[in-house]
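Descriptive analysis of the structure
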Amino acid sequence: MCLETPDVRNASNKHNSPDDLPGDLAVWMFIYAELLAFGAFFITYIVTRSNNVELFNQYQLTLDAKSGLLNTLVLITSSFFVVKSVNAAKRDQLNKTVFWLFASVLAGLVFIAVKSYEFYSKYSEGVNLSTNTFYTFYLSMTFFHYMHVMLGLVILCAMLLKAKRGGYCSTDIHGLETGASYWHMVDLVWLVLFPLVYLIR
Amino acid sequence: MQDVKATLVWLLLMSMTFMMFILAQNGVGQKTLVIIMLLTAWFKGQLIIDHFMGLRRVAVLWRMIISIWLVFILSVILSVYIWGS
């Protein structure tokens, strides 16, 4: 049983059928819309690259692929921690729910730190959006994703605070699943972005 | 049991990410490499969709929307990479 007052619990309690999406349907509409936006970015990138292959190959070498690898591993791990948190809540293990959410926030912060350092390095080298077509795409796509990670972290922190108050349990998991779905979307998008921008030559 | 499955999926995702990176550094024939990388990205993405997002057991429409998005984007990337220039 959740530790929050029954009024609060009942107000946010939703009982999905097995066919329903985990979490809130409105957030899933947002997730699908976000995927379309990222998809348009990816297709525009590869089409533009096909007309500027040498330039894209030349400047792709200036990126730190190891940072990209590290961030991929960090995001996958953070997503995994969120899954562990949801599973713990389903078993009414409230301390573990909080612990794994906290771990996922830490992993998300590592992503932000690594990506911020990458942006800072490029800024220090005098690179900006108008340096060339490759950097226009690299900076805009990765920054767009970076902002999604930031939003995801805000959501994770809000869920962490609620979890600490005992707000999630096996009978009230709707909010936790909603935030988790958004965080997994951020991970899914990076799994396409990383090979596309850092590895494909 | 759910945790064991999630841990196996996580280990698989991490291993495939390392494998993809090492292959990219070694630069096997570029087209072959790109096909392997995009197939790996598809498999990893589908693992996220099914096991992390938990869409494996929901109504097929919801799962198809996101799975088709993934296949469509990766197919366009591959097609433009091979035939685009």
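Everything discussed here concerns the structure shown above.
Residues numbered from 1 in each chain as written. Chains lettered and ligands numbered in written order. Predicted model: local features only at pLDDT ≥ 70, side-chain atom pairs only at ≥ 80, totals over all residues. Heavy atoms only, no water.

**A short note on the overall build of chain A**
The secondary structure content of chain A amounts to seven helices and zero strands. Each helix and strand of chain A, ordered N terminal to C terminal, gives the series α-α-α-α-α-α-α. Along the first, second and third principal axes, the C-alpha set of chain A runs to 60 × 30 × 20 Å. Of all 201 residues assigned to chain A, the portion counted as buried reaches 58%. (Helix = DSSP H or I, 4+ residues; strand = E, 2+ residues; numbered from the N terminus. Buried < 20%, exposed > 50% of the residue type's maximum accessible area, 1.4 Å probe, protein only.)

**Comments concerning the overall build of chain B**
Along its length, chain B carries three helices and zero strands. Going residue by residue from the N terminus, the α and β elements of chain B occur as α-α-α. If you line up chain B on its principal axes, its C-alpha atoms span 45 × 30 × 10 Å. Residue burial in chain B is summarised as follows: out of 85 residues, 45% are buried. Here the contacts in chain B between residues at least 6 apart in sequence split such that 61% fall between residues at least 24 apart. (Contact = heavy atoms within 4.5 Å.)

**With respect to the interface of chain B and chain A**
The interface of chain B with chain A comprises 43 residues on the first partner and 46 residues on the second. With both sides pooled, the region where chain B packs onto chain A buries about 3,900 Å², and carbon together with sulfur makes up 79% of that total. Counting across the chain B and chain A interface gives two salt bridges. The salt bridge partner of Arg 91 of chain A is Asp 3 of chain B, with a shortest N-O separation of 3.0 Å. Taken together, chain B and chain A are joined by seven residue pairs in polar contact (both at pLDDT 80 or more). (Buried area = accessible area lost by both parts, 1.4 Å probe. Salt bridge = Lys/Arg side-chain N within 4 Å of Asp/Glu carboxyl O. Polar contact = N/O pair within 3.5 Å; in protein donor to acceptor, adjacent residues only side chain to side chain.)

**Brief notes about a nonpolar patch on the surface**
All names here are of chain B. Side chains of Leu 12, Ile 35, Leu 39, Trp 42, Phe 43 and Val 71 sit close together on the surface and give an oily, nonpolar patch of about 500 Å² of accessible area. Top element by residues in the nonpolar patch is helix 2 (residues 30-52). It accounts for four residues. Secondary-structure assignment places Ile 35 in helix 2. (Patch = residues over 30% accessible without salt bridge, like charges linked within 9 Å, V, L, I, M, F, W, Y side chains within 5 Å. Areas by Shrake-Rupley, 256 points an atom, 1.4 Å probe, with all protein chains shown as cover.)

**Remarks on the packing of helix 2 (residues 25-51) of chain A against helix 6 (residues 133-164) of chain A**
Helix-helix packing is described using two parameters, namely the angle between the two axes and the distance between the axes. Residues and elements named next belong to chain A. Axis separation between helix 2 and helix 6 bottoms out at 11 Å; the angle between their running directions is 165 degrees. Here helix 6 runs roughly antiparallel to helix 2, going by the angle between their axes. In the packing of helix 2 onto helix 6, the handedness of the crossing is left-handed. Across from Glu 34, Ala 37, Phe 38, Phe 41, Phe 42, Thr 44, Tyr 45 and Thr 48 in helix 2, the residues of helix 6 making contact are Thr 133, Phe 134, Phe 137, Ser 140, Met 141, Phe 144, His 145 and His 148. (Axes fitted to C-alpha atoms, helices over the stretch in contact; angles between N-to-C directions. Parallel < 35°, antiparallel > 145°, perpendicular 65-115°, else oblique. Left-handed = near helix turned anticlockwise from the far one by under 90°.)

**Brief notes about the packing of aromatic side chains**
Residues and elements named next belong to chain A. Under the counting rule described, the total for this entry stands at 26 aromatic pairs over all chains. An angle of 70 degrees between the planes, with centres 6.4 Å apart, marks the rings of Tyr 135 and Tyr 138 as edge-to-face. Here Tyr 135 pairs with Tyr 138, and both are found in helix 6, just three residues apart, close to one helical turn. In this structure, Tyr 135 and Tyr 138 share a single accessibility class: buried. On the numbers, 6.3 Å between centres and 80 degrees between planes, the contact of Tyr 138 with Tyr 198 is edge-to-face. Pair noted here: Tyr 138 is in helix 6 and Tyr 198 is in helix 7 (residues 174-199), with a separation of 60 residues, a long-range link. The same class applies to Tyr 138 and to Tyr 198, which are both buried. Taken together, the ring pairs in this structure connect Tyr 45, Phe 56, Tyr 59, Phe 111, Phe 134, Tyr 135, Phe 137, Tyr 138, Trp 190, Phe 194 and Tyr 198 into an aromatic cluster. Lying across the ring of Phe 119, Lys 115 places its NZ or CZ 5.2 Å from the centre. (Phe/Tyr/Trp six-rings, centres within 6.5 Å; stacked < 30°, edge-to-face > 60°. Lys NZ or Arg CZ within 6 Å of the ring centre and 35° of its normal.)

**Quick notes on the nonpolar core**
If you look at the biggest cluster of nonpolar residues, it comprises 96 residues, and the most contacted ones within it are Leu 35, Phe 42 and Leu 188 of chain A together with Met 53, Ile 66 and Ile 77 of chain B. Those elements giving two or more residues to this core turn out to be helix 2, helix 4 (65-90), helix 5 (94-124), helix 6 and helix 7 of chain A together with helix 1 (2-26), helix 2 and helix 3 (60-83) of chain B. The biggest single contributor to this core is helix 7 of chain A, with 17 residues. When near neighbours in sequence (up to four residues on either side) are disregarded, Met 53 of chain B contacts Pro 22, Trp 28, Ser 181, His 184, Met 185 and Leu 188 of chain A together with Ile 48 and Ile 66 of chain B. (Core = buried A, V, L, I, M, F, W, Y, C linked by side-chain atoms within 4.5 Å.)

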